[in-house]
Amino acid sequence: MPRTPIRPAQPFDEKWIAQALNGFIEGSGHWGPGTLTAFTEVGDYLTGSGEDAPARYRGWNWYRFIGRCGAVALRASSFHVQDHLRAVQLAMLEIWAETPFADPEARSRMRTGVLELADKDTCAARTHDGAVVALHGLGAGRDGQRFVELRTGTDQPSAPGRITATEPVPVAGWDTPDRLRRLVHLVREKGPAPWDRAAAAVLAERTGLSRAGAALLLAGIPDVKYGYRGLDAEARKVMGLKQSEAEAGERELAALRVAERLDLLADVLPADPEQLWLEGGQLALAERIAEAWRRQQGVRPAVPESTLAVAAEHSDVRMAPAAVCAVFADPAREPRLTRDPDTRLRVNSISGGGWEGDEGFRFRELLAVVCDAVDWVYAELPEGDSVRRGVPETVRLLRERLAHPELLLSARGRSLRGRTVAELLPGFPGPCPTWTPPSRLPIPRWTTAWSSCPRQGSTGAVSARRPACTSGPAVTGPTSARGAWRPWSTWRTRIWRWYAGCAVPSSRGSCSA
């Protein structure tokens, strides 16, 4: 017999669940009323107390909270959370505490992974050895289903399809039933834990984060997703942050992916949650978060607040000001500068066209940021500043990456429409090796300085340029019978000048890179 659904002690409106968990979830369209019930239904089916297979597609990738609900508990205890959102967070913790996902012994017999369904209408299976539930697909045009399995016997339970990948779940996480219930009770009885600016300052010092970034991390990483402002004016006042500083701090932490955020904050709360309300409790919390940050992210170089203030005036949508400063202050720590990216053209699983892959996209992003930042770094930062001092080494490492013979950089743009690779080749001399793409491309064409891959269902093409094969006319672009083609955007042109060892132009002066 299925048990009665768990009802939290306090009223809440589940329509706010996506905002309450912002930054900890993906696919907000699948997070709405009925999501918390899905946790209970899946748990009941896995343990055998529920008879019917649970409904699917409620709570995209919610399996990530298994062993990591401590992150939600941290945010629920923070002062800045609005009451209607805190009510949802506390309700989730209450419900979670009653499921097998909060039981360390049950988690020791649990795993997640990917399977291919044998029958699209059969998404769950249960035998005396346990049960398997397929929660939802993988998204982004990928095949397969995300599943959760609970073993109750000596053998692996039967699955509703072929399992293609597995991964364990955290067993010894902070989020045990007793701790979850205790924290919920304390927040309702005492209100949120008190804020300690000194604790945020210690966290900044021990991680290399900006003062704003450290404050937001200590507060459970509020952000601006789903149209919700993470911090209102009163919260910023308590934290001692200006709006521009808070926004820069949000962007500084935005590079953390959902899984990284949950792993980072999963086990930072004290064994006895009441310690958060005692003197020194927030400082101890900051020290535990700093230790978790160093394990996961390392320690960023210290950057003066005055430098961060200058960087914030030159905000770049691609990287947060603190992240830009960290690249220059310690370029050897940035993997995109020290390791050649794999930029071979491959099929984009979403569009069906060709692209340079995630590594190529992120390297191209760094190129644009660095080229734009060199101007203000030299023009506005004082001599001896750690960020300014790191420019030569940053440029040297960047030139090493650009000299790699297999590097491809996107050359897409309206100026290339209607032109063939043969037309563009004369302006880009120099032999280069060819290689096989990592996945089959529709009608691929590999050349010396250029590679092109027509998009499916389009007359255009994905074109990429090899800087190591470029010289002379490549800086300004080739010409053809159709006339000169328009120059690339400013940062792309400057990359080639930079790679060739030319001076980098600046509106406020110039520097020789």
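Reading the values: the criteria
Residues numbered from 1 in each chain as written. Predicted model: local features only at pLDDT ≥ 70, side-chain atom pairs only at ≥ 80, totals over all residues. Heavy atoms only, no water. Helix = DSSP H or I, 4+ residues; strand = E, 2+ residues; numbered from the N terminus. Buried < 20%, exposed > 50% of the residue type's maximum accessible area, 1.4 Å probe, protein only. Contact = heavy atoms within 4.5 Å. Areas by Shrake-Rupley, 256 points an atom, 1.4 Å probe, with all protein chains shown as cover. Axes fitted to C-alpha atoms, helices over the stretch in contact; angles between N-to-C directions. Parallel < 35°, antiparallel > 145°, perpendicular 65-115°, else oblique. Left-handed = near helix turned anticlockwise from the far one by under 90°. Phe/Tyr/Trp six-rings, centres within 6.5 Å; stacked < 30°, edge-to-face > 60°. Lys NZ or Arg CZ within 6 Å of the ring centre and 35° of its normal. Expected span 1.5 Å × (residues − 1). Bend = angle between axes of the 7 residues up to and from the residue. Pairing = 2+ DSSP bridges.

Details of the overall build of the chain
Alright, step 1. Of the regular secondary structure elements, the chain holds 20 helices and 11 strands.
Alright, step 2. Expressed as a percentage of its 513 residues, the buried residues of the chain come to 53%.
Alright, step 3. Contacts in the chain between residues at least 24 apart in sequence constitute 72% of all its contacts with a sequence separation of at least 6.
Alright, step 4. Surface summary for the chain: the accessible area is close to 22500 Å², and the carbon and sulfur share equals 50%.

Observations concerning the packing of helix 4 (residues 83-97) against helix 6 (residues 177-190)
Alright, step 1. At their nearest, the axes of helix 4 and helix 6 sit 8 Å apart, and the two run at 150° to each other. Relative to helix 6, helix 4 is oriented roughly antiparallel. Considering the relative orientation of helix 4 and helix 6, their crossing is left-handed. Touching Arg 86, Leu 90, Ala 91, Leu 93, Glu 94, Trp 96 and Ala 97 of helix 4 are Pro 177, Leu 180, Arg 181, Leu 183, Val 184, Val 187 and Arg 188, all from helix 6.

Notes on the side chain of Asn 61
Alright, step 1. Inspection of the secondary structure assignment puts Asn 61 in the loop between helix 2 (35-47) and helix 3 (70-76).
Alright, step 2. On the accessibility criterion, Asn 61 (12% relative accessible area) is buried.
Alright, step 3. What Asn 61 contacts, discounting residues up to four positions off in sequence, is Glu 26 and His 136.

Let's talk about the environment of Ile 163
Alright, step 1. By the element assignment, Ile 163 lies in strand 5 (residues 161-168).
Alright, step 2. Here the alpha-carbon distance between Ile 163 and Leu 115, two residues 48 residues apart in the chain, equals 4.0 Å.
Alright, step 3. Not counting chain neighbours up to four residues away, the residues in contact with Ile 163 comprise Arg 111, Val 114, Leu 115, Phe 147 and Glu 149.

Digging into the packing of aromatic side chains
Alright, step 1. Under the criterion given, the structure shown has nine aromatic pairs.
Alright, step 2. Ring geometry for Phe 39 and Trp 96: centres 5.3 Å apart, planes at 85°, overall edge-to-face. Taken together, the positions of Phe 39 in helix 2 and Trp 96 in helix 4 put the pair 57 residues apart, joining distant regions of the chain.
Alright, step 3. Look at Trp 96 and you get buried, because its relative accessible area is 0%.
Alright, step 4. Residues Trp 96 and Phe 101 carry aromatic rings whose centres are separated by 5.4 Å and whose planes lie at 35° to one another, so their mutual orientation is tilted.
Alright, step 5. One aromatic cluster is present, formed by Trp 31, Phe 39, Trp 62, Phe 65, Trp 96 and Phe 101 through successive ring pairs.
Alright, step 6. Just above the ring of Phe 24 sits the side chain of Arg 75; from NZ or CZ to the centre is 4.0 Å.
Alright, step 7. A cation over a ring is seen here: Arg 126 above Tyr 45, with NZ or CZ 4.3 Å from the ring centre.

Focus on helix 16 (residues 357-380)
Alright, step 1. Over its 24 residues, helix 16 extends 35 Å from the first C-alpha to the last, a length consistent with the 34 Å expected when each residue adds 1.5 Å.
Alright, step 2. The principal kink in helix 16, of about 35°, is found at Ala 373.

Digging into the sheet that holds strand 1 (residues 110-117)
Alright, step 1. Strand order across the open sheet formed by five strands is 2-3-4-1-5, with antiparallel pairing between neighbours. For this open sheet the edge positions go to strand 2 (124-127) and strand 5, each flanked by a neighbour on one side alone. Averaged over all adjacent pairs, the angle separating strand axes in this sheet is 25°, with direction ignored.
Alright, step 2. Relative to the sheet, helix 2 contacts strand 2, strand 3 (130-137) and strand 4 (145-151), its axis offset from that of strand 3 by approximately 150°.

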